[in-house]
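Fold and geometry: a report
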Amino acid sequence: QVQLVESGGGLVQAGGSLRLSCAASGGPFSYYAMGWFRQAPGKEREFVSGISYTGQSTYYADSVKGRFTISRDNAKNTVYLQMNSLQPEDTAVYYCATDHRNRAAMAPHDVDYWGQGTQVTVSS
C-alpha cells in the first residue's frame, strides 16, 4: 500500500525556517517525480516545488523561488523541502505528492498519490 508521510511542519515566526520531510513507501518512488503543494484556507491547492526522479531537475513557484529548496534521498525514498525566510503568506497545509510520469513541474491533476498534509503556520 502506497503511503506518503509528511513531517516537520509547525509554528514559526516570520523570517524563520522549517524543513519538511516526506517519506514514501509501497512503490518505486526512486523512479517518480516528487513534489510539494500547499493549500491555505479558502484557497485552491497550489504547486510549490517539484523534483525529477534523478534530482537533476527542480522547479519552484515564483512565490517561493530563492527561499525554498527541494531535495531528495532516493536511498531513503524521502523528499525534503527546506523553507527559509518564511512569511505569513506561506501559512498553509503542505502536501507531498508523486507523479509516476516523472513530471517534476506537476499540476494537481498529474498527481498519483498525496500525503495527508502537514500544517505550517508563520506568525508576523
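Right above here is the structure, for reference.
Positions within a chain are numbered from 1, following the residues in the order the chain's sequence is written. Side-chain atom pairs in this predicted model are given and counted only at pLDDT of 80 or more, local residue features only at pLDDT of at least 70, and totals for whole chains, interfaces and linings cover all residues. Excluding hydrogens and water, the side-chain values take into account all heavy atoms of the structure.

1. Things to note about the overall build of the protein
Across its full length, the protein carries zero helices and eleven strands. The helix and strand labels rest on DSSP assignments: H or I over at least four residues marks a helix, E over at least two residues marks a strand, and numbering proceeds from the N terminus. Along the protein, from the amino end to the carboxyl end, the secondary structure elements read β-β-β-β-β-β-β-β-β-β-β. Here the C-alpha atoms of the protein give a radius of gyration of 13 Å, agreeing with the 14 Å that 2.2 N^0.38 yields for 124 residues. Overall, the C-alpha framework of the protein stretches about 40 × 25 × 25 Å when taken along its three principal axes. Note on classification: 1.4 Å probe, protein chains only; a residue is buried when its accessible area is under 20% of the maximum for its type, exposed when over 50%, partly exposed between these limits. When the 124 residues of the protein are sorted by exposure, 43% land in the buried category. Here, residues are in contact when the closest pair of their heavy atoms is within 4.5 Å. Sequence-distant contacts in the protein: of pairs separated by 6 or more residues, those separated by 24 or more amount to 59%. Each accessible area is a Shrake-Rupley result for a 1.4 Å probe, and residues are judged covered by the shown protein chains and nothing else. In the form shown here, the protein has an accessible surface area of approximately 6200 Å², with 46% of it arising from carbon and sulfur atoms. Put simply, the protein has 10 plus and 10 minus side-chain charges, and the middle of one group is 3 Å from the middle of the other. Radius of gyration: C-alpha atoms only; globule rule: 2.2 Å multiplied by the number of residues to the exponent 0.38. Lys and Arg are tallied as positive, Asp and Glu as negative. Neither His nor the chain termini are counted. Positions of charges follow a simple convention, taking NZ of Lys, CZ of Arg, CG of Asp or CD of Glu.

2. Concerning the pattern of salt bridges
Salt bridges are identified by distance alone: a Lys or Arg side-chain nitrogen within 4 Å of an Asp or Glu carboxyl oxygen. Applying the stated criterion across every chain yields a total of eight salt bridges. When the shortest N-O distance is used, the salt bridge between Lys-65 and Asp-62 registers 3.1 Å. What makes Asp-62 exposed here is its relative accessible area of 67%. Between Arg-101 and Asp-99 there is a salt bridge, with its nearest N and O atoms 3.4 Å apart. Judged by its relative accessible area of 41%, Arg-101 is partly exposed. The buried category is assigned to Asp-99, whose relative accessible area is 0%. Residues participating in the shared-partner salt-bridge network are Asp-99, Arg-101, Arg-103, Asp-110 and Asp-112.

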